[in-house]
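Topology and contacts: notes
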Amino acid sequence: QMTKLEVLYLSSNKFDINIPDLSGLSQLAFFECNNCSLRGNIPTWVDTLTNLQYLSLSSNILTGSVASGFNNLLSLKHLDLSDQSLRGGGLTGNLPTFSAMENLSELYLSRNKFSGEIDESFLANVNSLSVTVDLRYNEISGAIPDILYDRFDDFTLLLAENKIDSIPDFCDDDSFSLNWNDGDVTYFGCDAILCRPGHYSPIGRKTYGNVYNCERCDDSNDSETQAFYGSTTCGTLPDKVALEAIYTSLGGPDWLNNEFWMENDLYCDWYGVICDDDHERVIGLDFSENGLVGVLPAELFDLTELTQINLKKNKIQLSLSGIERLTELETLNLSEIDLTSVEGLNKAVNLRVLHLTGNDLASIPQ
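Residues numbered from 1 in each chain as written. Predicted model: local features only at pLDDT ≥ 70, side-chain atom pairs only at ≥ 80, totals over all residues. Heavy atoms only, no water.

Turning our attention to the state of the cysteines. All chains considered together, the criterion is met by five disulfides. Through a disulfide, Cys171 is tied to Cys190; the S-S separation comes to 1.8 Å. Torsion about the S-S bond of the Cys171 and Cys190 cystine: about 90°, corresponding to right-handed handedness. Placement of Cys171 in the loop between β14 (163-166) and β15 (179-180) and of Cys190 in the loop between α2 (184-188) and β16 (199-200) is noted, with a sequence separation of 19 residues between them. Cys171 gets classed as buried once you look at its relative accessible area, which sits at 1%. Between the sulfur of Cys268 and that of Cys275 lies a disulfide, 2.1 Å long from S to S. Here the disulfide of Cys268 and Cys275 is left-handed, its torsion about the S-S bond being about -90°. You'll find Cys268 and Cys275 in the same group, each marked buried. Counting its disulfide-bonded cysteines in sequence order, the protein chain shows a connectivity of 1-2, 3-4, 5-6, 7-8, 9-10. (Disulfide = S-S within 2.5 Å. Helix = DSSP H or I, 4+ residues; strand = E, 2+ residues; numbered from the N terminus. Buried < 20%, exposed > 50% of the residue type's maximum accessible area, 1.4 Å probe, protein only.)

Next up on the list: the nonpolar core. One recurring pattern in soluble globular proteins: nonpolar side chains tend to sit buried together. Residues Phe70, Leu123 and Trp180 are the most contacted members of the largest nonpolar core, which totals 58 residues. Elements with a minimum of two residues in this core: β11 (130-134) and β13 (154-158). If we ignore the near neighbours within four places in the chain, the residues touching Phe70 are Ile42, Val46, Asp47, Leu55, Leu79, Leu81, Phe98 and Met101. Phe287, Leu292, Leu334 and Leu339 belong to the second-largest nonpolar core, a separate cluster that totals 39 residues. (Core = buried A, V, L, I, M, F, W, Y, C linked by side-chain atoms within 4.5 Å. Contact = heavy atoms within 4.5 Å.)

This part is about the side chain of Asn35. Along the polypeptide, Asn35 turns up in the loop between β3 (30-32) and β4 (38-40). Those residues within four positions of Asn35 in sequence are excluded, and the remaining contacts are Ser12, Asn13, Lys14, Ser58, Ser59, Asn60, Arg87, Pro253 and Asp254.

Once that is clear, we can look at unusual backbone geometry. For Ser37, which is not glycine, the phi dihedral falls at a positive 60°. Here Ser37 lies in the loop between β3 and β4. Residue Ser37 is classed as buried on the basis of its relative accessible area, which comes to 11%. Unusually for a residue other than glycine, Phe98 sits at a positive phi of about 50°. Tracing the backbone shows Phe98 in the loop between β8 (90-92) and β9 (106-108).

Moving on: the layout of surface pockets. A water-sized probe rolled over the atoms picks out the places where empty space is left. By volume, the second largest pocket amounts to about 470 Å³. Top contributing element to the lining of the second largest pocket by residue count: helix α4 (residues 238-249), with three residues. Grouping the amino acids of the lining of the second largest pocket by side-chain chemistry returns eight nonpolar, three polar and seven charged. (1 Å grid on protein atoms, 1.4 Å probe; cavity = no way out; pocket = protein on both sides within 12 Å on 5 of 7 lines; lining within 4 Å. Points joined across faces, edges and corners; volume = space filled by probe spheres on them. Nonpolar A, V, L, I, M, F, W, Y, C, P; charged D, E, K, R; others polar.)

This next bit is on the pairing of β11. The sheet contact formed by β9 and β11 spans three bridges and is parallel. Each residue of the ladder has a partner; that of Tyr108, found in β11, is Asp134. Bridge count between β11 and β13: five bridges; the pairing is parallel. Among the inter-strand pairings, Val131 is bridged to a residue of β13, identified as Phe155. (Pairing = 2+ DSSP bridges.)

As a further point, take the pattern of salt bridges. Inspection of every chain in the model, using the stated rule, returns twelve salt bridges. Its salt-bridge partner being Lys240, residue Glu244 comes within 2.7 Å of it at the nearest N-O pair. Placement of the pair is Glu244 and Lys240 together in helix α4, with a separation of four residues, close to one helical turn. Across the pair Arg325 and Asp302 runs a salt bridge, and its minimum N-O distance is 2.8 Å. (Salt bridge = Lys/Arg side-chain N within 4 Å of Asp/Glu carboxyl O.)

With that settled, the discussion passes to the environment of Tyr187. Within the fold, Tyr187 resides in helix α2. Placed 20 residues apart in sequence, Tyr187 and Thr207 show a C-alpha to C-alpha distance of 8.8 Å.

Pasting the structure below:
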């Protein structure tokens, strides 16, 4: 083995394996394997890499709990295990405390399935001057511990879309002067940590300059929006749900361009998505030559305001059953996708422009 190896970059490969045993790389200080199709549990031998300062395994398919909590990795400064659930994985169990780590300054665990409460010993011994923690889109419940106020002066805490039901009052105190969430808490109080129950923001909190505000959900009957802090929508948005199904079914993490997808709930900013002037309904999709792979989900036809769809030159299979629901559809490009049948296409009664170049069709659609 390469026992002197200190830095190892492996990102954007398609290993499709469990994390291999690298315990012999005792000098390893930097290990990155994002988007590598790594599966299974995080092995316990990771705790033996005591020289590790940077560990990034985001956008894989990791599952199971983080049993050790990485408590032997005392030199670790950066830990990124985010975005496992986007590919069908998701780390589970109670949120680890990482209480033994002294040097940790960046912790990214968003889009997993962590549950339980934030323990009062969370990051108890961290002495970094500036700390960033991203726990968004998990199932973490309970309160944000008061003790964090005494623990961190320069602190970014991202917690949107969990099940937080209590925030300490200190963040609404006029004397609050700590640099939390880039100073937003000083200006906006607790709303800068999480929007209150019955309110929402696309990022789950309020930011400086009212770039994102916490708006009231007057008409929402969604129980979680009304019960918990940090909602990013007022209930369920059908167009967003349909887009997420397309992303998941067609290999979104591996698209050539997936800019802004799943980073927040501003789906009108997601690459290839065209919205109406009110930024509410999706009216167009342009995914031409973007590396889409898989079976197009039926949720496409839930985007009932679509006027244009461009799926040219992707490796997709699709059924047109349900296209009659797209009553506004005028332009459809299905060129070069190895299409063999367009059965049901005649139900797209308002279609004006149709591209079917370079397919394997045996008859002309009418």
